[in-house]
Amino acid sequence: MAASTPTPTPRHRGPTAIEVRGARVNTLRDVDIDIPLGQFVGITGLSGSGKSSLAMEVLYAEGSRRYLDALSTFTRRRISQAAKPDVDRVSFLPSALALRQRPPVPGPRSTVGTMSEVLAVLRLVYSRIGSHLCPNGHRLPPSYRQGIAATRTCPVCGVELDAPSAEDFSFNTLGACPRCHGLGEVREIDPHGIVPDPTRTISEGAVAPWHGLMHSNMPLVAAELGVRTDVPFEDLTDEERETVLHGPEVTRRIVMPTRSGHVITLNAAYVNAYDSAEQIADEGTGGATSTRAQRFFVMRLCPACHGTRLAPSALRTTVDGRTIAEACDLTLGQLEEAVPGIEASVPPDTRDLAHRLCTELHRAIAPLRSLGLHYLALSRSGDTLSTGERQRIQLAHTVLSRSTGLLFVLDEPTIGMHPANVHGLIGATGALVDNGNSLVVVDHDVQVLRAADQLVEMGPGAGDRGGRVIAQGSVAEIEATPRLPHRALPA
Ligand SMILES: [Zn+2]
Ligand SMILES: [Zn+2]
């Protein structure tokens, strides 16, 4: 228990604490406090007592502001900057990073693999110690030369082949499935989305993709093409429907009433309903279908890659009999169990290399496992993860980055976390401090608070009755102070 661990004494000269003087953000009442550097400080107190204001809006906001100040003007212009908090002075504050309570939902190109470091290591494994396939279908044993030479010669047929690089196994770059461009799914028009209510006429807006400004003339053009626009869509002839949904791009003169009551005549090019939907979808950026277009489509598993997102070439290499797609479908727990088999599967001259890569693989998986994420597979889409899962992946990533000299501010990291995983969280945050960082955690969880080197209790009440530091010290010291009403840390 951290309560019995002596508080480490910093041996270096220089500042030992962040000095906050006269903080008045939100309900904070001219708070003066020293937050020790290089330690795990827990901030506790009732909801609304000002603990998040102190952590996020003073320490984090000021720390990130200073960090951005140190960047070039050019870079700074591209990043929205926090306003200077209402505080007289904050001294000896390191650059601050916050692990947000609600990390944003990642885009369609994100998976557990890309969000963590594991996939990057796994790609190296496949590139360096994979068994590649020659163009004539002969399987080449892994060789230590793979890491050195760009080409290999097939021992059976003598054909030379380019050894795939780690990038060749990436669905976001060289290894992307050519059909779905690495998304794992393709969009297909949903006829019900195009004509949601067939009892309406075209004039009444039966064709949904024609609603927008871009295609608002299409009912008039369709009328010029012989389609009746004043009968329910369901009563149109097959020929009329065909024109509406798939008709060719032709130009017709249409007569349009204007708002001022005049009429104008213009040439308009026909865009059928399906093509209109595609045009609207293409307005979306980065491969993501725009929100408006989404209702015109259904997404289905890419028939070319079956959802693996990878090009066929990336699936020809195996490690211990598995393709990289198969390895990515294993849970992280299963993948870790497969590592000894991977090491044993390579020829003796490649063992050293395999051992180094497998050690890296373990290192990348370890923090995710200790945070209770062993059940996730690398192939799992980032946008299907819960907030808590995203937050823990972010934390695992931070622990691995081995940064030093930073202040990390965590706002209620145990929210949504199974109690069994809190232990892993404490281990992961402990690693941040061991790497020479400072850590401030706002939380209610007793297990987390007990692991802190020092506690700061805000209060005494909430709102107008809060905003003061009512106790500060080690867990033992806080426990020894007289009991206050609403004490957040139970004995
Ligand atoms: Zn061959
Ligand atoms: Zn595909």
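You'll find the structure just up there.
Residues numbered from 1 in each chain as written. Chains lettered and ligands numbered in written order. Predicted model: local features only at pLDDT ≥ 70, side-chain atom pairs only at ≥ 80, totals over all residues. Heavy atoms only, no water.

Draft legend 1. Expanded view of the coordination of the zinc ion (ligand 2). Looking at the zinc ion (ligand 2), one finds its protein donor set to be Cys177 (SG), Cys180 (SG), Cys302 (SG) and Cys305 (SG), positioned 2.3 Å from the metal centre. Here the zinc ion (ligand 2) binds four donor atoms, and the angle range of 105 to 114° at the metal identifies the geometry as tetrahedral. (Donors = N, O, S within 2.8 Å, 3.2 Å for Na, K, Ca; no water. Tetrahedral: all angles 85-135°; square planar, octahedral: opposite > 155°, others 65-115°.)

Draft legend 2. Representation of unusual backbone geometry within the structure. Residue Pro460 is reached from Gly459 by a cis peptide bond, and omega for that bond is 0°. Mapping Pro460 onto the fold places it in the loop between strand E14 (454–459) and strand E15 (468–473). The backbone of His306 sits at a positive phi, close to 55°, despite the residue not being glycine. Tracing the backbone through its elements, the reader meets His306 in the loop between strand E11 (297–301) and helix H10 (324–329). (Helix = DSSP H or I, 4+ residues; strand = E, 2+ residues; numbered from the N terminus.)

Draft legend 3. How the structure looks around the pattern of salt bridges. Per the stated rule, a full pass over the model turns up 14 salt bridges. A salt bridge links Glu188 to Arg300; the shortest N-O distance between them is 2.4 Å. Of this pair, Glu188 sits in strand E8 (residues 185–189) while Arg300 sits in strand E11, and the two are 112 residues apart along the sequence. Residue Arg369 is joined to Glu336 by a salt bridge in which the shortest nitrogen-to-oxygen separation is 2.7 Å. Here Arg369 is found in helix H12 (residues 351–370), whereas its partner Glu336 is found in helix H11 (residues 332–344), with 33 residues between them in sequence. Connected through salt bridges with shared partners, the residues Arg24, Asp30, Asp86 and Asp88 form a single ionic network. (Salt bridge = Lys/Arg side-chain N within 4 Å of Asp/Glu carboxyl O.)

Draft legend 4. Fine view of the environment of Leu357. Within the secondary structure, Leu357 sits in helix H12. C-alpha separation for the pair Leu357 and Ile129, spaced 228 residues apart in sequence, amounts to 8.8 Å. Leaving out residues up to four positions away in the same chain, Leu357 has contacts with Val121, Leu124, Val125, Arg128 and Ile129. (Contact = heavy atoms within 4.5 Å.)

Draft legend 5. View of the nonpolar core. Counting 64 residues, the largest nonpolar core has Val118 and Leu122 as its most contacted members. At eight residues, H12 tops the list of elements feeding residues into this core. Among all residues touching Val118, those that are not within four sequence positions of it are Gly113, Leu332, Leu335, Leu361, Ala364, Ile365, Leu368 and Leu378. Judged by nonpolar contacts, the second largest core, of 30 residues, contains Ile189, Leu236, Ala268 and Tyr270. (Core = buried A, V, L, I, M, F, W, Y, C linked by side-chain atoms within 4.5 Å. Buried < 20%, exposed > 50% of the residue type's maximum accessible area, 1.4 Å probe, protein only.)

Draft legend 6. Representation of the packing of helix H4 (residues 118–129) against H12 in the model. At their nearest, the axes of H4 and H12 sit 9 Å apart, and the two run at 165° to each other. Taken together, the axis directions place H4 and H12 in an arrangement best described as roughly antiparallel. Every pair of crossing elements has a handedness; the one defined by H4 and H12 is left-handed. Where H4 approaches H12, its residues Val118, Val121, Leu122, Leu124, Val125, Arg128 and Ile129 are matched on the opposing element by Leu353, Ala354, Leu357, Glu360, Leu361, Ala364, Ile365 and Leu368. Among the residues making up the contact of H4 with H12, the classes are represented as 13 nonpolar, no polar and two charged. (Axes fitted to C-alpha atoms, helices over the stretch in contact; angles between N-to-C directions. Parallel < 35°, antiparallel > 145°, perpendicular 65-115°, else oblique. Left-handed = near helix turned anticlockwise from the far one by under 90°. Nonpolar A, V, L, I, M, F, W, Y, C, P; charged D, E, K, R; others polar.)

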